[in-house]
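# Structural description and commentary
These are the residues of each chain, in order.
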Amino acid sequence: MKTQIVDDKDSGFYATPHFWVGHRFCNCPADRRGYAGFYRTSGGRPQAGEFVRFTPDLRAGTYRVAFHDATPFSPESRFTVRVRHATGVDTIHVQPAADRAIGTFAFEEGMDGWIELLAEGSHGPVLADAVVFTPAP
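Everything numeric in this text was worked out from a predicted model, so none of it was measured.

This part takes up the pairing of strand β12 (residues 130-135). Examined bridge by bridge, strand β1 (residues 4-7) and β12 share four bridges and lie antiparallel to one another. Across the sheet, the residue bridging to valine 6 is valine 131, located in β12. Examined bridge by bridge, strand β6 (residues 61-67) and β12 share five bridges and lie antiparallel to one another. Residue pairing for β12: alanine 66 is matched across the bridge by valine 132.

This next bit is on the nonpolar core. Within the largest apolar cluster, 29 residues are counted, with the highest numbers of intra-cluster contacts made by Phe54, Phe67, Val81, Ile102, Ile115, Leu117 and Phe133. Here isoleucine 115 is in contact with Val52, Arg53, Phe54, Val65, Val81, Arg82, Val83, Ile102, Val131 and Phe133, once residues within four sequence places are set aside.

Considering all chains together, one arrives at nine aromatic pairs under this definition. Judged by centre distance (6.4 Å) and plane angle (65 degrees), the rings of phenylalanine 105 and phenylalanine 107 are edge-to-face. The burial state of phenylalanine 105 is the same as that of phenylalanine 107; both residues are buried. Ring pairs connect the aromatic residues Tyr63, Phe105, Phe107 and Phe133, which therefore count as one cluster. The cationic tip of arginine 45 hangs over the ring face of phenylalanine 19; the distance from NZ or CZ to the ring centre is 4.1 Å. Here the basic side chain of arginine 53 rests over the ring of tryptophan 114, its NZ or CZ set 4.1 Å away from the ring centre.

Summarising the sheet, β6 and strand β9 (residues 101-107) pair through six bridges and their orientation is antiparallel. Along β9, the bridge assignment pairs tyrosine 63 with phenylalanine 105.

Summed over all chains, the structure comprises four salt bridges. In this structure, the salt-bridge partner of arginine 53 is glutamate 116, at a minimum N-O distance of 2.4 Å. With arginine 53 in strand β5 (residues 51-54) and glutamate 116 in strand β10 (residues 114-123), this residue pair connects regions lying 63 residues apart in the sequence. In this structure arginine 53 comes out as partly exposed when scored by relative accessible area, which is 25%. Residue glutamate 116 is classed as buried on the basis of its relative accessible area, which comes to 2%.

What follows deals with the sheet that holds strand β3 (residues 21-22). Strand order in this open sheet of three strands is β3-β4-β11, and the pairing throughout is antiparallel. The two strands at the open ends of the sheet, each matched to only one other strand, are β3 and β11 (127-128). Here two bridges tie strand β4 (residues 40-41) to β11, and the two strands are oriented antiparallel to one another. Bridge pairing in β11 links threonine 41 to leucine 127.

Rules of the game
- Residues numbered from 1 in each chain as written.
- Predicted model: local features only at pLDDT ≥ 70, side-chain atom pairs only at ≥ 80, totals over all residues.
- Heavy atoms only, no water.
- Pairing = 2+ DSSP bridges.
- Helix = DSSP H or I, 4+ residues; strand = E, 2+ residues; numbered from the N terminus.
- Core = buried A, V, L, I, M, F, W, Y, C linked by side-chain atoms within 4.5 Å.
- Buried < 20%, exposed > 50% of the residue type's maximum accessible area, 1.4 Å probe, protein only.
- Contact = heavy atoms within 4.5 Å.
- Phe/Tyr/Trp six-rings, centres within 6.5 Å; stacked < 30°, edge-to-face > 60°.
- Lys NZ or Arg CZ within 6 Å of the ring centre and 35° of its normal.
- Salt bridge = Lys/Arg side-chain N within 4 Å of Asp/Glu carboxyl O.

As far as function goes, none of this settles anything; it's purely spatial.
See the structure below:
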């Protein structure tokens, strides 16, 4: 097993259409550009039904799941993450500027598991950039 990063530019990424926008801050500092220089945002709109999904292609096993360190979350950002793993679906409330960790989960082989970021009920902008799946010991 190896660490896998799913970025918003990868084929394992999906965003509900016509809602999520990409930042275009050409002059923003390097530490605010996100993983690979680009991310998508909800613009702070807590609209129901809008989500992004990160779907890794994993070997069966247990993984620590976290937001990438390069994602420039605002301190006030709070939102819900839904995780589909080997034994079901968990809903977790996160404040990623304070803690990048989403949790540790067992995943089946392949692309059955996913991580969703939900706009509904969010406070501040939800940034969809990159999620890291690291094999857990």
